[in-house]
Structure formats: structure tokens, C-alpha cells
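The primary structure of each chain is shown beneath.
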Amino acid sequence: MREFSHFLAIDWSGARGERQKGIALSLTHGDGGPPVLVDPGRGWSREDVLALLREDLPEGTLVGMDLGISLPFADAGAFFPEWNESPADAQSLWALIDDICAADPHLEAGSFVSHHEASRYFRHSKEHVGDRFHLPDAPTREGRFRRAEQAQREQGVRPVSNFNLVGAAQVGKSSLTGMRMLNRLRGRVSVWPIDPLPESGPVVVEMYTSIAARGGGVGKGKTKLRTFEDLNAALAKLSSPPVRGSGPIDDHSSDALVTAAWLRKISHEPTYWSPAGLTPDVARTEGWTFGAV
């Protein structure tokens, strides 16, 4: 199994505006030491993160991003059933979103979710649910899920559909803005498993911070670490030295810190790179969540 020299965890945000309080980055080294927050001194923008990933990553970096790298496909044989412009694979999906949103600033994705066809597949609010948000034979009203999200549920966490744009737990907006960025990383950074795991060079994986928190011993019903004491207890379970601090910590920072340590702890284990549900077709269209086994 490939060895990585650095581990970068990114807590992402799909909110409108240039600089986002919800973006946090944490880096840790493969040779040990505690994870550290990467602070640009002015708050992160999505363009800042894109520039870092394109230009400033050490070659041996594994990057975990808290967003969905694709949309559901396997359940209907298409991202957007009945839309004749529905892309055939994840990379084409990224390109479509980036093209429709070309005039949106700050890698925002408002033009896509308001597009006359694409908008039909999303839940925009309690009162505004697209007429294609659910499949005709949907067993629940939660929306569509990827195979990786079904695997997450089997592990006891509760992902939300990437077609859902409502509520504190939604990741639809962050996923769409992230896909714009992934489109601009093509040819520079591999995105596993949509790209094969390369022998060298940086690699981006999708991760879900709740899975990382479980790896740090956080039990069911509690997925956020809001004090340094709780954070350091989780880091200890991940064989990481503690970070300095006491009292409250914002959950964006703690998510990034614990996930960087978790990536370092598990990245060498083959099981995480070959989950049972990851077929070639799923890899090409939906991708996967690292840690969903």
C-alpha cells in the first residue's frame, strides 16, 4: 500500500461570499507530531484552497475533503434521469456544473441549482422541492443516495442526500462548489477513486467527518468535538499527540484536526482502498467516501 508523507484535512463550505468561516484546514506529517491548523491570516476563500491544492502541496500529500465528490447515479442509471444533458461520469458532471456556473463568483454554484432543468432534482426548501428530487418508486422522502452513502448508513452514521440543499446537515451546496474546484484540479491532482490511486503525486479523497470522529472514539449521538479536552481525547485514540489549548473550540477546526490525524492513522490499511461496494462503474460515476467500508 502506498505511503503518504503529509495529510491535509479540509472542512469545506458552500456558503455564498468570498471568505468562509466554515472552511478550516489542518495538516499533519506522516512521521508524527500533532495536527496543526493552516491559517492564511485572513480566513479562507475557496479560490485560496484551489491555489494551495494546485501549487503548494507536497507531492506525497493525502487530502481529505468534507464534501461529496459526485451525485447519485447507480440508483437510476443517471445523475439526472430524463434530462438529455445528464453527464455520463463524474468528471463530466464537474465540467457541466463549472460551465453552467462560469459567471458565479467565488466558485459558488447558484446558477446550477437555479438552472431550469437542474433545479428540478434538488430540495431547495420545505416548500420548494423539485419534481424530480425523488425517484418515482422512492422508499423514503429523504432523496437519493449514492452507494457510498448507503455504506455509511450501515456504519451507523446518517449522511444527507447531496440533492438536499436545506438544513444544517445538508452538504449539497458544499458538494457542488467542491465539484467546481475538482474540475479545475483535473490533470494536477488525482481524485480517488474517480482517478486510480497513483504511485506518486497528491491525492484527494472524499471524507465524512463523522466517520473520522467515530475513529477517535466519539460515540453515537455525538459527532462534534467542541472542547480541546474532547478533541485531545479523540486524538489520543488516533495515536496522535495533543494540540495546545483548553476550553471551547469551533467545530470546523476540530473537524479538520481530528480528520487529519485519522487519515494518518488509517491510510496504510488496504481495506479502506478496496471497500466491498466499490465497483469500476461506481468509481467512475459516483466516487466513494474514504472510510466507508
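Presented here is an overview of the structure given in this document.

About the thresholds
- Residues numbered from 1 in each chain as written.
- Predicted model: local features only at pLDDT ≥ 70, side-chain atom pairs only at ≥ 80, totals over all residues.
- Heavy atoms only, no water.
- Helix = DSSP H or I, 4+ residues; strand = E, 2+ residues; numbered from the N terminus.
- Buried < 20%, exposed > 50% of the residue type's maximum accessible area, 1.4 Å probe, protein only.
- Areas by Shrake-Rupley, 256 points an atom, 1.4 Å probe, with all protein chains shown as cover.
- Lys, Arg positive; Asp, Glu negative; His and termini not counted.
- Charge placed at Lys NZ, Arg CZ, Asp CG, Glu CD.
- Axes fitted to C-alpha atoms, helices over the stretch in contact; angles between N-to-C directions.
- Parallel < 35°, antiparallel > 145°, perpendicular 65-115°, else oblique.
- Contact = heavy atoms within 4.5 Å.
- Nonpolar A, V, L, I, M, F, W, Y, C, P; charged D, E, K, R; others polar.
- Pairing = 2+ DSSP bridges.
- Core = buried A, V, L, I, M, F, W, Y, C linked by side-chain atoms within 4.5 Å.
- Arc of directions from axis to C-beta.
- Left-handed = near helix turned anticlockwise from the far one by under 90°.
- Polar contact = N/O pair within 3.5 Å; in protein donor to acceptor, adjacent residues only side chain to side chain.

## Brief notes about the overall build of the protein
A tally of regular secondary structure across the protein gives nine helices and eight strands. The principal-axis extents of the C-alpha atoms in the protein amount to approximately 50 × 40 × 35 Å. Of all 293 residues assigned to the protein, the portion counted as buried reaches 56%. Just so you have it, the protein exposes about 12700 Å², and 49% of that area is on carbon and sulfur atoms. Between the centroid of the 32 positive side chains of the protein and the centroid of its 37 negative side chains there is a distance of 4 Å.

## Some thoughts on the packing of helix 7 (residues 228-237) against helix 8 (residues 251-266)
Two elements in contact, helix 7 and helix 8, have axes whose closest approach is 9 Å; the angle formed by their N-to-C orientations is 10 degrees. Taken as axis vectors, helix 7 and helix 8 run roughly parallel relative to one another. For the pair helix 7 and helix 8, contact is made by Leu231, Ala234 and Leu235 and by Ser254, Leu257, Val258 and Ala261, respectively. Split by residue class, the contact of helix 7 with helix 8 holds six nonpolar, one polar and no charged.

## Comments concerning the sheet that holds strand 1 (residues 6-11)
Here we have six strands laid out as an open sheet, ordered 4-3-1-6-8-7, and mixed in their pairing. The open sheet has two free edges, formed respectively by strand 4 (32-37) and strand 7 (190-191), since each of these has just one partner strand.

## Examining the nonpolar core
Ile10, Val49, Leu53, Met65, Phe80, Phe112 and Met181 are the most contacted members of the largest nonpolar core, which totals 45 residues. Where this core is concerned, the elements lending two or more residues are strand 1, helix 1 (46-55), strand 6 (61-65), helix 2 (90-100), helix 3 (110-113) and helix 5 (172-185). Excluding residues within four positions of it along the chain, Val49 makes contact with Ile10, Trp12, Ile23, Leu25, Trp44 and Met181. In terms of nonpolar packing, the next biggest core, distinct from the first, is built from 39 residues, Phe7, Ala213, Leu263 and Ala283 among them.

## Side note on helix 4 (residues 147-154)
If you check which residues of helix 4 are buried, you get Ala148, Glu149, Ala151 and Gln152. Relative to the axis of helix 4, the buried residues are bounded by an arc of 155 degrees and lie together on one face. Where the residues of helix 4 are buried, they touch strand 8 (203-206) and helix 6 (209-215). Following helix 4 by one or two positions, Gly156 adopts a phi angle in the positive range, close to 95 degrees.

## Overview of the packing of helix 1 against helix 5
Remark: helix 1 packs on helix 5, axes separated minimally by 10 Å, with the N-to-C direction vectors making an angle of 30 degrees. When the axis of helix 1 is compared with that of helix 5, the two are roughly parallel. Crossing hand, helix 1 versus helix 5: right-handed. Contacts from Arg46, Val49, Leu50, Leu53 and Arg54 of helix 1 reach helix 5 at Thr177, Met181, Arg184 and Leu185. Across the contact of helix 1 with helix 5, the residue classes tally to five nonpolar, one polar and three charged.

## A look at the environment of Ser267
As for its position among the elements, Ser267 is in the loop between helix 8 and helix 9 (280-285). Here the alpha-carbon distance between Ser267 and Met1, two residues 266 residues apart in the chain, equals 8.7 Å. Apart from residues lying up to four places away in sequence, Ser267 is in contact with Met1, Phe4, Phe7, Leu62, Trp273 and Phe290.

## Observations concerning helix 2
By the burial criterion, the buried members of helix 2 are Ala90, Leu93, Trp94, Leu96, Ile97 and Asp98. In the core, the buried residues of helix 2 are packed alongside helix 3, helix 5, strand 7 and helix 9. Sitting at the head of helix 2, Asp89 places a side-chain oxygen 3.4 Å from the backbone nitrogen of Gln91.

By themselves, these observations are geometric and do not establish any function.
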